[in-house]
There are 2 protein chains.
Amino acid sequence: PVLYASLCGMKALFSPLLPDTYITKCLLSFVDILMAYIVESFDRETKVIDFHYPNELLQMNNWELQDEPATLDDILISCRATLKYAIKTAHPRYFNQLSTGLDMVGLAADWLTSTANTNMFTYEVAPVFVLLEYVSLKKMREIIGWQDGRGDGIFSPGGAISNMYAMLLARFKMFPEVKEKGMSSVPRLVAFTSEHSHFSIKKGAAALGIGTESVICIKVDESGKMIPADLERRIVEAKQKGFVPFFVSATAGTTVYGAFDPLIAISDVCKKYNVWMHVDGAWGGSLLMSRRHRWKLDGVDRANSVTWNPHKMMSVPLQCSALLVREEGLMQNCNQMHACYLFQQDKHYDLSYDTGDKALQCGRHVDIFKLWLMWRAKGTIGFEAQIDKCLELSEYLYNKIKDREGYEMVFDGKVCPHLTFTPHADNSSAVAPVIKARMMEYGTTMVSYQPQGDKVNFFRMVISNPAATFEDIDFLIEEIERLGQDL
Amino acid sequence: PVLYASLCGMKALFSPLLPDTYITKCLLSFVDILMAYIVESFDRETKVIDFHYPNELLQMNNWELQDEPATLDDILISCRATLKYAIKTAHPRYFNQLSTGLDMVGLAADWLTSTANTNMFTYEVAPVFVLLEYVSLKKMREIIGWQDGRGDGIFSPGGAISNMYAMLLARFKMFPEVKEKGMSSVPRLVAFTSEHSHFSIKKGAAALGIGTESVICIKVDESGKMIPADLERRIVEAKQKGFVPFFVSATAGTTVYGAFDPLIAISDVCKKYNVWMHVDGAWGGSLLMSRRHRWKLDGVDRANSVTWNPHKMMSVPLQCSALLVREEGLMQNCNQMHACYLFQQDKHYDLSYDTGDKALQCGRHVDIFKLWLMWRAKGTIGFEAQIDKCLELSEYLYNKIKDREGYEMVFDGKVCPHLTFTPHADNSSAVAPVIKARMMEYGTTMVSYQPQGDKVNFFRMVISNPAATFEDIDFLIEEIERLGQDL
């Protein structure tokens with residue numbers, strides 16, 4: 001029980017000094033477990049996943065919460081079991097999501113963040129992290145191209161929330177009275193985004209009381225880009241109905257095709273009709289770090305707000321999503337509630353560093369340190385090299401598939417480090433799910449699939465994992481063929 | 001450059017195997033820095049904070065982001081600087097926020113979470129963590145008292161977001177068409193909460209398009225509790241005006257006084273007028289773990305939803321906030337958008353474990369493992385002992401202050417482990433800020449202050465730090481007297 005109490009941080013109840021050498025030792029042997037897992041995760045001989053169905057997995061360990069404390073042995077067994085059945089997201093053959101890979105500096109930074117265990121709401125309790133957020137947001141705004149990096153921004157819990165913030169700001173900018181009086185005080189608002197945009201735009205509209213029917217989906221061309229003429233047509237149409245267009249969300253790197261909406265043409269439309277222009281660059285925003293590829297976002301500097309998730313193509317550990325805003329002061333005015341227990345106005349330091357009232361969150365996790373430390377370690381050129389490499393791998397895959405027997409490119413944009421393709425088959429909508437299920441059961445690799453519009457299930461191969469190589473791309477195609485040969 | 005590239009996870013660009021022994025060594029020496037910081041943080045001889053004003057701190061290290069990679073030395077210097085100027089939130093004399101302390105098992109669990117680096121949206125990519133969330137939410141619902149732990153819930157990025165979810169669900173429950181049609185399709189909605197409730201209720205109402213003026217603040221009695229008769233009066237009044245009361249947020253543990261609204265009486269009013277009853281137990285919800293103190297939340301089982309933040313009184317590392325919901329299926333219906341790239345309906349496993357579409361977030365950080373592992377390690381009785389101890393310390397402080405020369409209890413509820421009091425002085429509103437500024441400059445302790453209504457600045461002493469002892473309480477009072485003796 002002494003050992004247990006000590007490990008569990010309960011020792012403070014019995015002794016004023018904690019932690020002691022014993023606890024240090026416990027933590028270090030725990031780190032050994034993590035190090036072994038990391039080394040294993042990068043090993044191609046290891047499975048990406050040791051898959052079990054939910055009901056099986058529930059029975060593979062005792063996961064229940066008890067009244068009594070577990071033994072130290074049980075705790076270590078639980079940790080080992082958790083890691084055994086976890087997805088190895090660092091594995092060079094894990095391609096399943098837009099966020100893959102594990103950067104060692106990012107990991108170290110996240111461990112430091114956990115150890116510092118503080119909250120971003122005030123300079124008072126997070127002085128360094130608040131400054132690093134300030135420095136990093138300014139740098140990101142400079143890269144977007146806003147003059148002298150001016151503007152505002154915040155790190156939020158994911159791209160969906162960043163996009164929702166943008167919509168909230170656009171509404172407030174046009175109708176500041178909505179904060180006090182609600183939607184009943186404003187005319188019927190309408191937002192516009194492409195039919196290939198991320199679902200978070202509609203989700204945000206539902207939450208904000210705008211309603212999903214007020215999100216008008218603009219047609220895309222054959223390469224998945226929003227058609228600016230259709231945008232203009234729908235804006236005019238909405239105005240004729242007496243609705244008020246307030247928000248256009250262009251996408252830089254769509255989720256399924258990786259397409260980039262034409263930002264310059266869209267910004268012209270937005271300017272003409274005085275509508276807030278948002279760029280959802282959750283996935284593609286990171287291309288701004290690459291001199292070779294940033295042209296795909298030409299016009300991003302004309303946006304009023306930009307979502308950019310370093311936890312995707314820049315491989316910063318989850319979560320790390322930024323919303324950048326061109327107008328200073330707007331976030332504060334839109335969201336502030338002046339809580340007097342937190343944002344005291346008679347504090348002894350410069351209150352502009354108490355950023356918490358800009359957010360919808362009260363407590364806010366420190367997401368900045370991972371990005372900041374990786375940026376220091378790699379430099380902008382390091383991120384650039386990493387991103388350029390992902391695009392090279394994507395081009396390699398493209399060249400491999402485009403003339404290959406038995407495959408069809410669903411979309412061959414080659415603009416983002418991801419490609420969509422499908423193996424030919426009679427029962428083509430069933431093929432991808434079956435191959436995917438087999439991938440997971442064998443545990444050899446993971447890649448995502450989905451339908452889109454009238455196109456049945458196809459694979460969406462995302463390359464954001466810095467550990468992936470040309471050989472891993474070769475392996476993926478061979479594995480798809482092996483797993484699907486009887487289909 | 002080889003060393004640098006290796007440490008920075010860039011080695012993957014040059015070599016297929018990563019990480020190697022060198023990286024392992026780098027990470028381990030990094031862990032040594034963290035261990036030294038942890039040991040120092042628990043040492044009372046160490047300062048809680050090495051305070052510098054923002055402009056000074058900006059100059060104490062080179063924090064800028066560069067094009068070129070930094071050296072390994074620079075990275076380690078940056079980490080040491082970050083820790084040097086960070087708040088030692090684990091310090092036994094850090095009382096500044098509702099979240100204090102550092103639990104070693106929680107920390108280990110957070111390191112494992114970072115290492116697993118995955119996303120809660122699907123079982124596919126977070127099988128174990130999704131199951132642990134399921135197990136833990138069910139356990140929390142059992143503790144609330146819902147039959148067989150039935151219901152729903154989610155871990156969200158903080159109590160403010162959990163509260164906003166509750167309001168969103170209440171609105172959707174009453175007017176499901178609001179999701180598609182927005183607020184223009186529904187009558188004028190009004191929400192009710194006490195004048196001492198957390199600012200996130202108004203913030204949520206502003207975001208959701210309800211508007212802050214539609215949040216009606218109910219009077220509190222002299223102990224800071226919502227007056228149910230006033231709630232009923234205001235509901236009737238709103239109905240007479242043609243408004244639709246849809247949401248009551250009762251608070252279990254108010255932010256400033258730590259008061260508990262009378263949940264049974266409030267639930268009677270909610271039932272009578274068919275209004276959603278939410279309990280914001282972000283701070284006080286953890287008392288449900290204590291057999292001695294859970295009576296303060298009597299009636300919580302009648303709520304439709306409950307916010308409960310284990311990152312506060314249970315000392316789980318930040319962030320860990322749960323929203324518990326009595327009705328099953330409602331969250332899914334309210335928030336789902338059926339993204340076909342993520343929530344494919346033809347997957348090979350039980351899709352009820354793909355919980356992502358219940359959330360407003362798309363990507364969602366794994367917040368559950370810290371709570372789950374600590375719960376395993378301590379057992380329910382371990383959390384109970386920890387919480388009871390905080391209340392004991394609070395009572396000790398109460399007894400110390402109540403008859404002490406020169407102090408006044410602002411509120412003597414003794415129901416939560418926090419107390420508000422003020423040292424007597426002529427210029428009383430200026431005293432607390434000056435003492436607080438001196439605390440930070442000396443770095444000896446940290447405690448929060450604020451005004452409330454007609455009461456000028458007073459100290460709010462929060463005890464959630466498991467490392468704090470009776471001696472630390474003595475120290476705090478002596479320190480306040482030392483720092484304020486000339487005022």
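All figures in this text were calculated on a predicted structure; none of them were measured in a lab.

Examining the pairing of strand β12 (residues 455–462) of chain B
Residues and elements named next belong to chain B.
Phase 1: By the criterion of burial, β12 is predominantly enclosed, with six of the eight residues buried.
Phase 2: Strand direction decides the pairing type here: strand β10 (residues 418–423) and β12, joined by four bridges, are antiparallel. Note that in β12 the partner of histidine 418 across the bridge is valine 462.
Phase 3: As paired elements, strand β11 (residues 446–452) and β12 share four bridges and run antiparallel to each other. Looking at β12, one finds that tyrosine 449 is bridged to phenylalanine 459.
Phase 4: Between β11 and β12, which pair antiparallel in sequence order, lie two residues; one of them, glycine 453, sits at a positive phi of approximately 55°.

Focus: the UniProt feature "modified residue: N6-(pyridoxal phosphate)lysine" (unreviewed entry) in chain A
Residues and elements named next belong to chain A.
Phase 1: Under the UniProt annotation, the feature "modified residue: N6-(pyridoxal phosphate)lysine" (unreviewed entry) is placed at Lys312.
Phase 2: Along the chain, the position of lysine 312 falls in the loop between β7 (305–308) and β8 (321–325).
Phase 3: Dropping the residues within four chain positions of it, lysine 312 is found in contact with Leu98, Ser99, Ala282, Trp283 and Ser464.

A short note on the domain arrangement of chain A
Residue and element names in this part refer to chain A.
Phase 1: As far as domains go, chain A holds domain 1 (10–88), domain 2 (119–365) and domain 3 (376–483).
Phase 2: Computed over C-alpha atoms only, the centres of domain 2 and domain 3 are separated by 29 Å.
Phase 3: Taken together, the contacts link 27 residues of domain 2 with 24 residues of domain 3.
Phase 4: Carbon and sulfur atoms make up 61% of the surface buried where domain 2 meets domain 3, a total of about 2200 Å² over both sides.
Phase 5: In terms of surface lost to domain 3, no three residues of domain 2 exceed Val256, Tyr257 and Met289, which account for 31% of the buried area on that side.
Phase 6: Taken together, the links from domain 2 to domain 3 amount to two salt bridges.
Phase 7: The tally of links between domain 2 and domain 3 comes to 10 residue pairs in polar contact (both at pLDDT 80 or more).
Phase 8: Across the side of domain 2 that touches domain 3, the residue classes tally to nine nonpolar, 11 polar and seven charged.

Section: the interface of chain A and chain B
Phase 1: Opposite the 169 residues of chain A that make contact, chain B presents 169 residues.
Phase 2: Residue contributions to the side of chain A that touches chain B peak at 14 residues, all from helix α13 (residues 368–402) of chain A.
Phase 3: The residue inventory of the side of chain A that touches chain B, partitioned by class, reads 98 nonpolar, 43 polar and 28 charged.

A few points about the packing of aromatic side chains
Phase 1: One pass over the structure, following the stated rule, counts 33 aromatic pairs over all chains.
Phase 2: Both rings, one in tyrosine 123 of chain A and one in tyrosine 353 of chain A, keep their centres 6.0 Å apart while their planes meet at 50°; by these two values the pair is tilted. One end of the pair, tyrosine 123 of chain A, is in the loop between α5 (104–116) and α6 (127–144); the other, tyrosine 353 of chain A, is in the loop between α12 (330–335) and α13, with 230 residues separating them in the sequence. Like tyrosine 123 of chain A, the residue tyrosine 353 of chain A is buried in the burial classification.
Phase 3: Taking the centre distance of 6.3 Å and the plane angle of 50° together, the rings of tyrosine 257 of chain B and phenylalanine 458 of chain B count as tilted. With tyrosine 257 of chain B in the loop between β5 (244–251) and α11 (263–273) and phenylalanine 458 of chain B in strand β12, this pair connects stretches of sequence that are 201 residues apart. The same class applies to tyrosine 257 of chain B and to phenylalanine 458 of chain B, which are both buried.
Phase 4: Of the aromatic side chains, those joined through ring pairs into one cluster are Phe51 and Tyr53 of chain A together with Tyr123, Tyr134, Tyr349 and Tyr353 of chain B.

Digging into the environment of arginine 141 of chain B
All names here are of chain B.
Phase 1: Assignment of secondary structure puts arginine 141 in helix α6 (residues 127–144).
Phase 2: Sequence separation between arginine 141 and glycine 153 is 12 residues; the distance between their C-alpha atoms is 8.8 Å.
Phase 3: Not counting the four nearest positions on each side in its chain, arginine 141 is found in contact with Trp146, Gly149, Arg150, Gly151, Asp152, Gly153, Leu324 and Val325.
Phase 4: Side-chain polar atoms of arginine 141 contact the backbone oxygen of glycine 149, separated by 2.7 Å.

A short note on the packing of helix α7 (residues 159–174) of chain A against helix α9 (residues 200–207) of chain A
Residues and elements named next belong to chain A.
Phase 1: The N-to-C vectors of α7 and α9 enclose an angle of 55°; their axes lie 9 Å apart at closest approach. When the axes of α7 and α9 are compared, the pair comes out oblique. Considering how the two elements wind past one another, α7 and α9 form a crossing that is right-handed. Between α7, through Ala160, Asn163, Met164 and Met167, and α9, the contact on the second element is made entirely by Ser200, Ile201, Gly204, Ala205 and Ala207.
Phase 2: Residues of the contact of α7 with α9, tallied by class, amount to six nonpolar, three polar and no charged.

Notes on the environment of glutamate 180 of chain B
Phase 1: In this fold, glutamate 180 of chain B is placed in helix α8 (residues 178–181).
Phase 2: With residues up to four places along the chain from it excluded, the contact list for glutamate 180 of chain B reads Gly211, Thr212, Glu213 and Ser214 of chain A.

Overview of the pattern of salt bridges
Phase 1: Following the criterion strictly, the structure yields 56 salt bridges over all chains and no others.
Phase 2: Put simply, arginine 376 of chain A and aspartate 74 of chain B hold a salt bridge, and the shortest N to O gap is 3.1 Å. Separated into two different chains, arginine 376 of chain A in helix α13 and aspartate 74 of chain B in helix α4 (residues 72–85) make up a pair that spans both. Of the two residues, arginine 376 of chain A and aspartate 74 of chain B, neither departs from the other in class, the shared state being buried.
Phase 3: With a shortest N-O distance of 3.9 Å, lysine 370 of chain B and aspartate 367 of chain B are connected by a salt bridge.
Phase 4: For lysine 370 of chain B, a relative accessible area of 0% translates into the label buried.
Phase 5: What makes aspartate 367 of chain B buried here is its relative accessible area of 7%.

With respect to the sheet that holds β5 of chain B
Residue and element names in this part refer to chain B.
Phase 1: Taken together, seven strands build an open sheet; the order of strands is β2-β8-β7-β6-β5-β3-β4 and the sheet is mixed. Only two strands of the sheet have a single partner each, and these edge strands are β2 (152–156) and β4 (215–218). The mean angle between the axes of side-by-side strands here comes to 20°, regardless of whether they run parallel or antiparallel.
Phase 2: Bridge count for β5 against strand β6 (residues 276–281) is five bridges, and the pairing is parallel. Across the sheet, the residue bridging to alanine 250 is valine 279, located in β6.
Phase 3: Across the sheet, helix α7 (residues 159–174) touches β2, β3 (189–194), β5, β6, β7 (305–308) and β8 (321–325), and the angle it forms with β5 is around 150°.

Overview of the relation of the copies chain A and chain B
Phase 1: Superposing chain A onto chain B takes a rotation of 180° combined with a translation of 0.0 Å along the rotation axis, leaving an RMSD of 0.0 Å. Each copy turns onto its partner about a two-fold axis. Considering only C-alpha atoms, the part of chain A nearest the rotation axis is leucine 208 of chain A, at 2.0 Å.
Phase 2: A share of 100% of interface residues in chain A that are also interface residues in chain B marks the association as one of identical surfaces.

What counts and how
Every chain is numbered independently, its residues counted from 1 as its sequence is written. Key to labels: chains lettered from A, ligands numbered from 1, both in the order written. For this predicted model, a pLDDT threshold of at least 70 governs which residues receive local features, and a threshold of 80 or more governs which side-chain atom pairs are given and counted, while totals over whole chains, interfaces and linings are taken from all residues. With hydrogens and water stripped out, all remaining heavy atoms of the structure feed into the side-chain values. Relative accessibility under 20% of the residue-type maximum defines a buried residue, over 50% an exposed one, and the middle range a partly exposed one, all with a 1.4 Å probe and only protein chains included. For the purposes of this entry, the term helix denotes a DSSP run of H or I that reaches at least four residues, the term strand denotes a run of E that reaches at least two, and both are numbered from the N terminus. Strand pairing requires that DSSP identify at least two bridges connecting the strands. UniProt positions are given in the numbering used here, feature names are shortened, and annotations may be inferred rather than shown by experiment. For this analysis, residues touch if any pair of their heavy atoms sits within 4.5 Å. Where a domain begins and ends is set by an automatic assignment or by a domain database. Buried area: the accessible area, evaluated with a 1.4 Å probe, that two parts lose upon being put together, summed over both parts. Salt-bridge detection follows one rule: a side-chain nitrogen of Lys or Arg within 4 Å of a carboxyl oxygen of Asp or Glu. Pairing of N or O atoms within 3.5 Å defines a polar contact, subject to two protein rules: one partner must be a possible hydrogen donor and the other a possible acceptor, and residues neighboring in sequence count only if both atoms are side-chain atoms. For this scheme, ten residues count as nonpolar: Ala, Val, Leu, Ile, Met, Phe, Trp, Tyr, Cys and Pro. Four count as charged, namely Asp, Glu, Lys and Arg, and the remainder, Gly too, count as polar. In this scheme Phe, Tyr and Trp rings, the latter by its six-membered ring, pair at centre separations within 6.5 Å, and the angle between planes marks the pair as stacked below 30 degrees, edge-to-face above 60, and tilted otherwise. Angles shown run from 0 to 180 degrees and are taken between the N-to-C directions of axes, each axis being a line fitted to C-alpha atoms and, for helices, limited to the stretch in contact. Angle categories are assigned with fixed cut-offs, so that under 35 degrees is roughly parallel, over 145 is roughly antiparallel, 65 to 115 is roughly perpendicular, and the rest are oblique. Each crossing gets its handedness from the near helix: less than a right angle anticlockwise from the far helix is left-handed, clockwise is right-handed. When the copies are superposed, the least-squares fit draws on C-alpha atoms of residues that have pLDDT of at least 70 in both.

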